[in-house]
Amino acid sequence: MTDAVLRVRGITKSFGAFKAVDGVDLDIAEGEIHALIGPNGAGKTTCFNLLTGSLPLTSGEISLRGNAISGLPMDEIARRGIVRSYQISSIFPDFTALANVRFALQQKRGTNFDFWRSERTLEQLHGRAMDLLDQLGLVEWANVRAGDLPYGRKRALEIATTLALDPQILLLDEPTSGMGREDIGRVVDLIRKVAKGRTVIMVEHNLSVVEGLCNHVTVLARGRVIASGNYREVARNEKVVEAYLGAAHA
Ligand SMILES: Nc1ncnc2c1ncn2[C@@H]1O[C@H](COP(=O)(O)OP(=O)(O)O)[C@@H](O)[C@H]1O
Ligand SMILES: [Mg+2]
């Protein structure tokens, strides 16, 4: 594929003698919602860590719009537009939802204190933060302590703080995990919404979410890609069926 926004070739991550990710190739097309699925321990989260630079590669190459990014530090990769959704633990529970989004926006602009003192800047910041909360259906929760938000709203806040960094490529690691059906529906809707104008790569265990949301599915097992295609294609792939059954019986 020549129009891949993110091109990954042979990425490998060894922990001692064990290869958690073993020669993975990915072509992520501009604007798609790309799922990364596979049994527990397949190497999905490690792949994400390699894509964002939060773990160094053992070998392999990653390029973003034709520019090599492998080996760059995580903050530089984030500046270039690849951002992973924050974990709930990185949300400040004692601050309001609004304050959390403002912090994330400030983080994007850097910590120039004189800049932040200007009244006008603070107003713009407030407006932008409220926009983001609105996109995520969180306006009525703006002044609620993040720690007091229901679980599904907390996950939505996590996505809001990630969007504050205005990623071109948004990585979501199990965005619906631990959610009830109603919250899952809401998160699916909002992923579809935030995917407009950006590329999304998501690890997702809920296969009906994958089927309904993702244009392309890559299946990992034991650190390797065992199938890649649309949902229908991979769902009937024998290796995929085997990997899932094998994992269920393990
Ligand atoms: N820091 C680490 N040190 C040693 N082994 C690790 C480390 N991180 C992950 N692993 C191992 O790598 C494999 C893949 O893990 P992970 O990427 O978290 O899988 P997944 O997200 O697909 O469930 C697992 O066997 C896990 O135990
Ligand atoms: Mg994982």
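These numbers were taken from a predicted model, which means no experiment stands behind them. (Residues numbered from 1 in each chain as written. Chains lettered and ligands numbered in written order. Predicted model: local features only at pLDDT ≥ 70, side-chain atom pairs only at ≥ 80, totals over all residues. Heavy atoms only, no water.)

Undergrad: Talk me through the nonpolar core; I want residue IDs and the actual numbers.
TA: Counting residues in hydrophobic clusters, the biggest one holds 49 residues, and the most contacted among them are Leu-157 and Met-202. Ranked by residues supplied to this core, first place goes to helix α7 (residues 181-194) with six residues. Per-domain counts for this core show at least three residues from each of domain 1 (1-81 + 167-250) and domain 2 (91-164). Setting aside anything within four residues of it in sequence, one finds Leu-157 in contact with Ile-91, Ala-97, Asn-100, Val-101, Leu-133, Leu-138, Ala-146 and Leu-149. Counting 24 residues, the second largest nonpolar core, distinct from the first, contains Ile-11, Val-24, Ile-82 and Leu-220. (Core = buried A, V, L, I, M, F, W, Y, C linked by side-chain atoms within 4.5 Å. Buried < 20%, exposed > 50% of the residue type's maximum accessible area, 1.4 Å probe, protein only. Helix = DSSP H or I, 4+ residues; strand = E, 2+ residues; numbered from the N terminus. Domains from an automatic or database assignment. Contact = heavy atoms within 4.5 Å.)

Undergrad: Lay out unusual backbone geometry in plain terms, naming residues and giving numbers.
TA: Even without a glycine there, the phi angle at Arg-65 is positive, about 45 degrees. Within the secondary structure, Arg-65 is located in the loop between β4 (59-64) and β5 (67-68). Of note in this structure, Glu-174 is not a glycine but carries a positive phi near 55 degrees. Here Glu-174 shows up in the loop between β7 (169-173) and α7.

Undergrad: Now, about the packing of helix α6 (residues 151-163) against α7: what can you tell me, with residues and values included?
TA: Put simply, α6 and α7 touch, their axes get as near as 10 Å, and they point 15 degrees apart. When the axis of α6 is compared with that of α7, the two are roughly parallel. As for the relative orientation of α6 and α7, their crossing is right-handed in sense. Taking contact as the criterion, the partners of Gly-152, Arg-153, Ala-156, Ile-159 and Leu-163 in α6 are, on α7, Asp-183, Arg-186, Leu-190 and Val-194. A breakdown of the residues in the contact of α6 with α7 according to their chemical character gives five nonpolar, one polar and three charged. (Axes fitted to C-alpha atoms, helices over the stretch in contact; angles between N-to-C directions. Parallel < 35°, antiparallel > 145°, perpendicular 65-115°, else oblique. Left-handed = near helix turned anticlockwise from the far one by under 90°. Nonpolar A, V, L, I, M, F, W, Y, C, P; charged D, E, K, R; others polar.)

Everything listed is a geometric property; what it means functionally is a separate question.
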